[in-house]
Amino acid sequence: MTNPLYDQLFGKHAGKNTPFLIFQDGSILTHAAFLESAAQIAHVLTDNGMVAGDRLAAQVEKSATSLALYAACAQAGIVFLPLNTAYTVDELSYFIENSGARTVVCDGDSKTLLDPVVSKLGARLETLNADGSGSLTDQAKAKPSEFATVERAPDDLAAFLYTSGTTGRSKGAMLTQANLLSNAATLAELWRFTDKDVLLHALPIFHTHGLFVATNVSLAAGGAILFLPKFDLDAMIDLMPKATTMMGVPTFYTRLLQDERFTADLTKGMRLFISGSAPLLAETHRQFEERTGHRILERYGMTETNMNTSNPYEGERRAGTVGFPLPGVELKITDPATGDTLPAETVGQIEVRGPNVFKGYWQMPEKTAAELREDGFFITGDLGMIDADGYVHIVGRNKDLIISGGYNIYPKEIELILDAQPGVRESAVIGVPHSDFGETVLGLVVPDSPETPDLDAILAVAGTSLARFKHPRKLVLVDSLPRNTMGKVQKNVLREQFKDTFA
Ligand code: ATP
Ligand code: MG
């Protein structure tokens, strides 16, 4: 019997008394014990009628058991569908219904509200609380700690992962075993992960970054994970000396830098800091190196494709870029109108092809056909360019492109200028409706308190460094930028909020 995902990430660790999860209090769960608990859960699921190919939706807190649920699904051939813990019951209903899940696992607190939704769909509801208690573990305790792995092929579905919903409603990306495995193997090798590594893990495990990149890479290499329920500055600082690597979203890095306890000495046992999911400011990259001596390695990926590019492990990690296409991944920049490949140093849409690219969006054939070309290239929705040295630069999302008076304006170019001005912590540039130009440029500026930025002075600087059609028509001070759980700025929220600025 073979099941590539289970065998290559999980099964190979069976019986090993090596640390897999290390918790904040210093307690350890070994690979062997983790796999035993996964096997018990696999028994619960299959005894309750689930068969290979069925979907299991889970909205549960990050815990050893919720991670074991992923392993259990892999072993039983069940398609795993983790859901953002921030979703409300109404939002959950959409995902449960849309995915046709046969089992839903939720926190005990949501049970009463979800019961009617789940029973209407003829699915089964189990509970799993943050502390590991609940109906799932109650049943699991009595089950054998070995489970006969269900046979699967590389092209079989392993997960439905919903996108972050930054640009609209989340879409369910169908990911195969081979999608996940190829990426885990490539990244583990590229980033030199070994069984000696200890990864500081404070990311959520309902998203590709914390679940697949962080967990699968560690499993592929056989290393340990310092498993924090969420990002907590004190805990991060406390545990950093015990880790060798960390993966984070840019806000992890800015928050660490804001704390004086975060020093070069604290990071001297670390060999690698990785950032992704949202753009890392070049300024953060620079400050981080100044403080710690480490150069953050930025990479680029998305739910639909896993990771696509990475800065090099050896060689220059270039700030403000996401590095080179991964081995086995093709990346091209194309003209959005014609689909033709554009020359280097020209901005266009980013397309990728490789073993990492998903099978399509679940029950969205039209969307799949529009974004996944017949030749296998996926139109990512991001705009970017490849520089003369081959580094990929992300310029922004296609949907955030501003078209004013017929000219294309890339918000990032303007944001970089605003961010560099005194008193500015960060900024977001959006297009808002304008009667003459169709759209015009609005800049939202977050002050770097206590200093208040001089907006007129900033407009003057922007006026001298940018072509006239790119000048922000107005700058507005805001306390903060709206972000989703992955730290991504929600420009659609800003566009809605400021749509009447020039009406
Ligand atoms: P939705 O597709 O639902 O609008 P989303 O695109 O934010 O949401 P994800 O799949 O979580 O959902 O995020 C992938 C996106 O995150 C990429 O398409 C890209 O825009 C952004 N991203 C990821 N890594 C980086 C990076 N290093 N620099 C800039 N942007 C990044
Ligand atoms: Mg997306």
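Anything mentioned here points back to the structure above.
The rules we used
Residues numbered from 1 in each chain as written. Chains lettered and ligands numbered in written order. Predicted model: local features only at pLDDT ≥ 70, side-chain atom pairs only at ≥ 80, totals over all residues. Heavy atoms only, no water. Axes fitted to C-alpha atoms, helices over the stretch in contact; angles between N-to-C directions. Helix = DSSP H or I, 4+ residues; strand = E, 2+ residues; numbered from the N terminus. Parallel < 35°, antiparallel > 145°, perpendicular 65-115°, else oblique. Left-handed = near helix turned anticlockwise from the far one by under 90°. Contact = heavy atoms within 4.5 Å. Nonpolar A, V, L, I, M, F, W, Y, C, P; charged D, E, K, R; others polar. 1 Å grid on protein atoms, 1.4 Å probe; cavity = no way out; pocket = protein on both sides within 12 Å on 5 of 7 lines; lining within 4 Å. Points joined across faces, edges and corners; volume = space filled by probe spheres on them. Buried < 20%, exposed > 50% of the residue type's maximum accessible area, 1.4 Å probe, protein only. Pairing = 2+ DSSP bridges. Right-handed = clockwise from strand over helix to strand, strands pointing away. Near = heavy atom within 4 Å. Polar contact = N/O pair within 3.5 Å; in protein donor to acceptor, adjacent residues only side chain to side chain. Areas by Shrake-Rupley, 256 points an atom, 1.4 Å probe, with all protein chains shown as cover. Lys, Arg positive; Asp, Glu negative; His and termini not counted. Salt bridge = Lys/Arg side-chain N within 4 Å of Asp/Glu carboxyl O. Core = buried A, V, L, I, M, F, W, Y, C linked by side-chain atoms within 4.5 Å.

Caption draft 1: Representation of the packing of helix H4 (residues 89-99) against helix H5 (residues 111-120) within the structure. Two elements in contact, H4 and H5, have axes whose closest approach is 10 Å; the angle formed by their N-to-C orientations is 25°. With respect to their mutual orientation, H4 and H5 come out roughly parallel. When you trace H4 past H5, the crossing you get is right-handed. Of the residues in H5, those touching H4 at Val89, Leu92, Ser93 and Ile96 are Leu113, Leu114, Val117 and Val118. A per-class count over the contact of H4 with H5 returns seven nonpolar, one polar and no charged.

Caption draft 2: The arrangement of the layout of surface pockets in detail. Here the second largest pocket defines a volume of roughly 650 Å³. For the lining of the second largest pocket, the element with the most residues is helix H10 (residues 250-257), which contributes three residues. Here the lining of the second largest pocket is composed, by residue class, of 19 nonpolar, seven polar and five charged.

Caption draft 3: Here's a closer look at the pairing of strand E3 (residues 55-59). Buried residues dominate E3, accounting for five of its five residues. Going residue by residue along E3, you find Arg55, Ala57 and Gln59 tucked away on one face and Leu56 and Ala58 tucked away on the opposite face as well. Relative to strand E4 (residues 79-82), E3 runs parallel, the two being bridged by four bridges. Paired with Arg55 across the two strands is Val79, which belongs to E4. Regarding the hand of the β-α-β motif, the stretch spanning E3, helix H3 (residues 64-76) and E4 is right-handed.

Caption draft 4: Expanded view of the site of ligand 1. Around ligand 1, the structure places 20 residues, and the nearest of them are Ser164, Thr166, Thr167, Thr303 and Asp382. Within the contact set of ligand 1, an oxygen atom lies 2.4 Å away from a side-chain nitrogen or oxygen of Thr167. Between ligand 1 and the protein, one listed contact pairs a nitrogen atom with a backbone N or O atom of Ser277 at 3.2 Å. Across the complex, the protein chains shield 95% of the 630 Å² of accessible surface that ligand 1 would expose by itself. When residues in the shell around ligand 1 are grouped by element, the largest group, five residues, is from strand E13 (residues 297-302). Its residues placed into classes, the shell around ligand 1 shows five nonpolar, nine polar and six charged.

Caption draft 5: Up close: the environment of Thr321. Looking at where Thr321 falls in the secondary structure, it is placed in the loop between strand E14 (306-310) and strand E15 (324-325). Setting aside anything within four residues of it in sequence, one finds Thr321 in contact with Glu298, Asn311, Tyr391, Val392 and His393. Here the side chain of Thr321 touches Arg318 through a polar contact of 2.9 Å, landing on its backbone oxygen.

Caption draft 6: Structural detail: the side chain of Lys62. Relative to the helices and strands, Lys62 is located in the loop between E3 and H3. Buried and unpaired, Lys62 has no salt bridge, with Glu61 as the nearest side chain of opposite charge at 9.7 Å. Looking at Lys62, its side chain comes within polar contact range of the main-chain oxygen of Leu203, at 2.7 Å. Residues in contact with Lys62, not counting those within four places in the same chain, are His201, Ala202, Leu203, Ile205, Phe227, Leu228 and Pro229.

Caption draft 7: Inspection of empty space enclosed by the protein at higher detail. Taken as a whole, this structure holds four cavities of 30 Å³ or more when the rule is applied. There is about 100 Å³ of room inside the largest cavity. Lining of the largest cavity is provided by Pro82, Leu83, Asn84, Tyr87, Tyr162, Thr163, Ser164, Phe206, His207, Asn484, Thr485 and Met486. Class assignment of the residues belonging to the lining of the largest cavity gives a composition of six nonpolar, six polar and no charged.

Caption draft 8: Looking closely at the nonpolar core. Judged by nonpolar contacts, the single largest core of 109 residues is most densely connected at Phe10, Leu45, Leu56, Tyr70, Phe193 and Met246. Broken down by element, the residue count for this core peaks at 10 residues, all from H3. Setting aside residues no more than four positions away along its own chain, Tyr70 makes contact with Leu5, Leu9, Phe10, Phe80, Leu180, Leu211, Phe212 and Asn216. If you look at the next biggest cluster of nonpolar residues, it comprises 22 residues, including Ala57, Val79, Leu114 and Phe160.

Caption draft 9: The sheet that holds strand E25 (residues 474-477), seen in detail. Pairing is mixed across the open sheet formed by three strands, whose spatial order is E23-E24-E25. The outermost strands of the open sheet, each flanked by one partner alone, are strand E23 (424-434) and E25. Between one strand axis and the next, the sheet turns by 30° as a mean value, whatever way the strands run. Bridging between strand E24 (residues 438-447) and E25 involves four bridges; their strand directions are parallel. From the neighbouring strand, Val445 faces E25, where its bridge partner is Leu477. Together, E23, E24 and E25 form the strand contacts of helix H13 (residues 411-419), whose direction differs from that of E23 by roughly 140°. Across the face of the sheet, helix H14 (residues 455-465) comes into contact with E23, E24 and E25 while running at roughly 140° to E25.

Caption draft 10: Geometry of the sheet that holds strand E12 (residues 272-275). The sheet built from nine strands is open, its strands ordered E2-E1-E10-E9-E11-E12-E13-E14-E15 with mixed pairing. A strand with exactly one partner marks an edge of an open sheet, and here the two such strands are strand E2 (28-30) and E15. Of the strand pairs in this sheet, strand E9 (residues 198-201) and strand E11 (residues 245-248) are connected by three bridges, and their pairing is parallel. Bridging across to E11, His201 finds its partner in Met247. Together, strand E1 (19-22), E9, strand E10 (224-227), E11, E13 and E14 form the strand contacts of helix H8 (residues 208-221), whose direction differs from that of E9 by roughly 170°.

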